[in-house]
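Structure at a glance
What follows is the residue order along each chain.
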2 protein chains.
Amino acid sequence: MTNLQSSALLTDLYQLTMLQGYFDQGMDDTAVFEFFVRRLPPKRGFLMAAGLEQALTFLENLHIEPEELEWIKTCGRFSREFCDYLADLRFTGDVHAMPEGTVFFADEPILRVTAPLPQAQLVESRLINLLHFQTLIASKAARSVLAAPDKLLVDFGLRRAHGAEAGLLAARASYLAGFNGSSNVLAGLEFGIPVYGTMAHSFVQAHDSEELAFEHFARAQPDNVILLIDTYDTEAAARKVVALAPRLKQQGIAIKAVRLDSGDLVTHARKVRTILDEGDLQTVRIFSSGNLDEYTLGDLLKRGAPIDGFGVGTHMDTSADAPYLDCAYKLEEYAGRPRRKHSEGKATWPGRKQVYRRYEANGNMAGDIITVEDDRQEGEALIRPVLRQGRRLNPAASLEEIRQHAAEELARLPANLRNLGEEPPYPVTIAPALEELARAVDRTLLQS
Amino acid sequence: MTNLQSSALLTDLYQLTMLQGYFDQGMDDTAVFEFFVRRLPPKRGFLMAAGLEQALTFLENLHIEPEELEWIKTCGRFSREFCDYLADLRFTGDVHAMPEGTVFFADEPILRVTAPLPQAQLVESRLINLLHFQTLIASKAARSVLAAPDKLLVDFGLRRAHGAEAGLLAARASYLAGFNGSSNVLAGLEFGIPVYGTMAHSFVQAHDSEELAFEHFARAQPDNVILLIDTYDTEAAARKVVALAPRLKQQGIAIKAVRLDSGDLVTHARKVRTILDEGDLQTVRIFSSGNLDEYTLGDLLKRGAPIDGFGVGTHMDTSADAPYLDCAYKLEEYAGRPRRKHSEGKATWPGRKQVYRRYEANGNMAGDIITVEDDRQEGEALIRPVLRQGRRLNPAASLEEIRQHAAEELARLPANLRNLGEEPPYPVTIAPALEELARAVDRTLLQS
């Protein structure tokens, strides 16, 4: 089969039917599209941009494979001349974007494509697909990072992430947002993300006794002994760990941690902590998992659960309390003229835009202004050139650099957003120059 | 990079650390794992099994690539002998499963793996990932099919699906559940799913006038003229369609439909229907999209909106009101002995199981019994052998056959479930033989 991740046909059919129309009319002037989120989902006070790296790689490699072209030719919807044109289609445009890890808000473009109309159009579906998902997950993951700032946080979500790519890219997005690593082995191989792993209940169940399972696991992974203790009876298992520890110590093996995965985690963690401490295992950490998210993390820590690290899975990798963003990739200019959509509830701001951010004296974010590109405002310009004529201007930022940038962004959030509050909303203003441009476009539309 | 979809390392690290333990202890007796959903999510009265085809392909092709093996060797966690063993690892086990498109309920296994313990363990993460997602989406899509049984339903969800594979497999899962097709071109190429496409707002915006955009599109896609009419003013655009139709007719082009994508769809559809009818365009259909799901579909139809087809996107492809299933893949037997997990709130039924379904005289589903495999009950046995010693017993079912089976399943749902009600819940009983087995396992655990 065709390569799923790079296929230009992982797109909506209407991109191709529109391209046939553009082709017939010779409409290949420069178009400007911007990707933005129309409004923040419920329970989100801010978002974190992510997915740019994969988006740029997609654009740099855009082409249609021979077998894909064959399908287009034989499906009966497109002209032969148009198919010949598609065979040579590449992305030759420019991209401006906010760096990954940047905090952003509603109506602020995080990516702008400037390219011949057919190219900018064709890539819409996959660009949205890539930017939407990682932004969704980074924004969700950042909330756990803020809720449990000093804890070890590991992505455990692969199994219930929505498919293979979601599993892989959720590991990336959560890591850049501040997680310490992922259980996902391929994320280690592809992105160098630290991978973490313990044992499953099946390992315990497959053995005739829990003690034996613990001992066998410790011998197999002497540098990484994390024992899952809730298969049958959590506190009984903790006592088995205490009994096992001296024997392992004689073999030079130290138990690193135990993992809790069910029941009331506060109660179990307290009891287990006491059992471990009384068994002279003060250095053994408690790690927990099981239906966790920023709300349960915050609650566990507020209630004083002696837990040192968390595996956060399904709720994060599906962004369960807000599983999608109301995002769009909209035409803002074509052939030198700004454009605007007027659909009810979905009107857009026209033209090439820039976002300026001002800061308080203490470094906290104070407010943003969205304006047209050439209307210089005070503050930091967040949107920067990243691709020119289809090629990157700079080498890809390393994931560690992005992660560092994201950490700095979270540190500069206004206090209410850092505390996961949504009120008062962060101030984002539309500059007079952008409002004037919108009115000018409206006047043109009325005359047409 | 490695092939994302078939990679054996798209797994949780703990599978590998456990495998090292199994390897060290020579634990490679036969294990039985089953995949099931612990409880139905809120707002779901039934689920529909999907994803088996991709799961079987994954198992048939299971192997570790040289570059992946290199990563395992150099990560410092595994012995050299174990790495040599991994190099030759293939899936040689058996699989039993419910056919795709089968309706099922909580605690009913839809897939059983019987294989040497390490093999059955290693595949856990990806098997769950594949079965969970398509089952999630087929179950969601079936609800739109039931809510709008006589309407054209098209999957529009690619852009906000969670990544590439989710976009592709959501098209498959919704099609098998009864959708008519997808906007996703790759779904056409990979699965032969009918693809549908219209135009985007950008096509209208890129033109100097809406009339011109409509005319250019009609000429470019003369057999598929569906015009998007909400970019500026919906009713005004409908009148432009009426004005354009005679001119197109002279060129032998018929307008097929118009699409509404915003505003109150009942009001707009009524007004547009009137404008079209008065303009002698009774045959032009109205298609609509924009934040639709089974609830809005039901509401639109109840309120008498004259809409002939729907593009259902984000809410379906993310299963937005229930974005994950509480599913698991659990060890039920090892080395001939049934096994059971006792974790609080997550205890499992041990042993190899079968589900029998009884029917009313009218053909409707009457109730299910879950029991041990060799305890023959009245009714239809839903779980069947599909893979033996790593090879399929039968050629893959065609997607059309699966879709037909799914349609028959939906037709046999009890009336309340067919009407998307959740109460009373469908009766699922645990047979005495299974309860007795669970007690026997508990007695063994107490003695150990």
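In case you missed it, the structure is sitting above this.
One structure accompanies this document, and this report is about it.

Analysis parameters
Residues numbered from 1 in each chain as written. Chains lettered and ligands numbered in written order. Predicted model: local features only at pLDDT ≥ 70, side-chain atom pairs only at ≥ 80, totals over all residues. Contact = placed C-beta atoms within 7 Å. Nonpolar A, V, L, I, M, F, W, Y, C, P; charged D, E, K, R; others polar. Pairing = 2+ DSSP bridges. Helix = DSSP H or I, 4+ residues; strand = E, 2+ residues; numbered from the N terminus. Expected span 1.5 Å × (residues − 1). Buried ≥ 20, exposed ≤ 12 C-beta atoms within 10 Å, placed from the backbone. Least-squares fit on C-alpha atoms with pLDDT ≥ 70 in both. Axes fitted to C-alpha atoms, helices over the stretch in contact; angles between N-to-C directions. Parallel < 35°, antiparallel > 145°, perpendicular 65-115°, else oblique. Core = buried A, V, L, I, M, F, W, Y, C linked by C-beta atoms within 7 Å. Right-handed = clockwise from strand over helix to strand, strands pointing away.

This part takes up the interface of chain A and chain B. The partner chain B presents 89 residues to the 89 residues of chain A that form the contact. Looking at the side of chain A that touches chain B residue by residue, the class counts come to 38 nonpolar, 35 polar and 16 charged.

This part covers the sheet that holds strand S15 (residues 365-372) of chain A. Residue and element names in this part refer to chain A. One open sheet accounts for four strands, arranged S16-S14-S15-S19; its pairing is mixed. In this open sheet, the two edge strands, each paired with only one partner strand, are strand S16 (380-381) and strand S19 (428-430). Where strand S14 (residues 353-359) and S16 come together, two bridges link them in antiparallel fashion. Bridge pairing in S16 links Tyr-356 to Ala-381.

On to helix H1 (residues 13-25) of chain B. All names here are of chain B. The end-to-end C-alpha separation of H1 is 19 Å, in line with the 18 Å expected for 13 residues at 1.5 Å each. Counting buried positions along H1 yields ten of 13 residues, so the element is predominantly enclosed. For H1, the set of buried residues is Leu-13, Tyr-14, Gln-15, Leu-16, Thr-17, Met-18, Leu-19, Gln-20, Gly-21 and Tyr-22. Downstream of H1 by a residue or two, Gly-26 has a phi angle that is positive, lying close to 65 degrees.

A few words on the sheet that holds strand S19 (residues 428-430) of chain B. Residue and element names in this part refer to chain B. Read across the open sheet, the four strands follow the order S16-S14-S15-S19; overall the sheet is mixed. Two strands lie at the open edges of the sheet, namely strand S16 (380-381) and S19, each paired on one side alone. The sheet contact formed by strand S14 (residues 353-359) and strand S15 (residues 365-372) spans seven bridges and is antiparallel. Paired with Val-355 across the bridge in S15 is Ile-370.

Quick look at the relation of the copies chain A and chain B now. At an RMSD of 0.0 Å, chain A and chain B line up after a rotation of 180 degrees and a shift of 0.0 Å along the axis. The operation mapping one copy onto its partner corresponds to a two-fold rotation axis. When the interface residues of chain A are mapped onto chain B, 100% of them again fall at the interface, so both copies present the same face.

For the rest of this paragraph, the subject is the packing of helix H10 (residues 210-220) of chain A against H1 of chain B. Packing of H10 of chain A against H1 of chain B brings their axes to within 8 Å, and their N-to-C directions diverge by 105 degrees. The pairing of H10 of chain A with H1 of chain B is recorded here as roughly perpendicular in orientation. Residues His-216, Phe-217, Arg-219 and Ala-220 of chain A of H10 of chain A touch H1 of chain B, and the partners they reach there are Thr-17, Gln-20, Gly-21, Asp-24 and Gln-25 of chain B. Broken down by class, the residue content of the contact of H10 of chain A with H1 of chain B amounts to two nonpolar, five polar and two charged.

Residues and elements named next belong to chain B. The buried count for strand S12 (residues 326-334) comes to seven of nine residues, which makes it a mostly enclosed element. Of the strand pairs in this sheet, strand S1 (residues 30-39) and S12 are connected by eight bridges, and their pairing is antiparallel. Bridge pairing in S12 links Val-37 to Cys-327. For S12 and strand S13 (residues 337-338), the ladder comprises two bridges, and the chain directions are antiparallel. When the sheet's bridge partners are listed, Glu-333 is paired in S13 with Pro-338. Taking the residues that link successive antiparallel strands as the turn, the S12-S13 hairpin has two residues, and the phi of Ala-335 there is positive, at about 55 degrees.

So, about the nonpolar core. Counting 298 residues, the largest nonpolar core has Ala-177, Leu-227 and Val-241 of chain A together with Ala-177, Leu-227 and Val-241 of chain B as the members making the most contacts within it. No other element matches helix H6 (residues 124-147) of chain B, which puts 13 residues into this core. Non-local contacts of Val-241 of chain B, meaning those with residues more than four positions away in its chain, are made with Phe-214, Leu-227, Ile-229, Ile-255 and Val-258 of chain B.

Attention shifts here to the environment of Ile-110 of chain A. All names here are of chain A. Among the structural elements, Ile-110 can be located in the loop between strand S4 (103-104) and strand S5 (111-116). A tally of 27 C-beta atoms within 10 Å means that Ile-110 is categorised as buried. Remark: the alpha-carbon pair of Ile-110 and Val-37, spanning 73 residues in sequence, is separated by 8.7 Å. Sequence-distant contacts of Ile-110, that is, excluding residues within four places in its chain, are made with Phe-35, Phe-36, Ala-49, Ala-97, Met-98, Phe-104 and Leu-131.

Before going further, it helps to spend a moment on unusual backbone geometry. Residue and element names in this part refer to chain A. Cis peptide bonds are those with omega within 30 degrees of zero, and the linkage from Glu-423 to Pro-424 qualifies with -10 degrees. Structurally, Pro-424 can be placed in the loop between helix H16 (415-418) and S19. The phi dihedral of Lys-43 is positive, around 70 degrees, even though this residue is not glycine. For Lys-43, the location among the structural elements is in the loop between strand S1 (30-39) and strand S2 (47-48).

All names here are of chain A. The buried fraction of strand S9 (residues 255-260) amounts to five of the six residues, a majority that puts the element mostly inside the structure. In terms of strand pairing, strand S8 (residues 225-228) meets S9 through four bridges, oriented parallel. Opposite Leu-227, over in S9, you have Val-258 as the bridge partner. Traced from S8 through helix H11 (residues 234-250) to S9, the parallel crossover comes out right-handed. Pairing between S9 and strand S10 (residues 285-289): four bridges, direction parallel. If you follow Leu-260 over to S10, its bridge partner there is Ser-288. Between the parallel pair S9 and S10, the chain is carried across by helix H12 (residues 265-278), and the sense of this crossover is right-handed.

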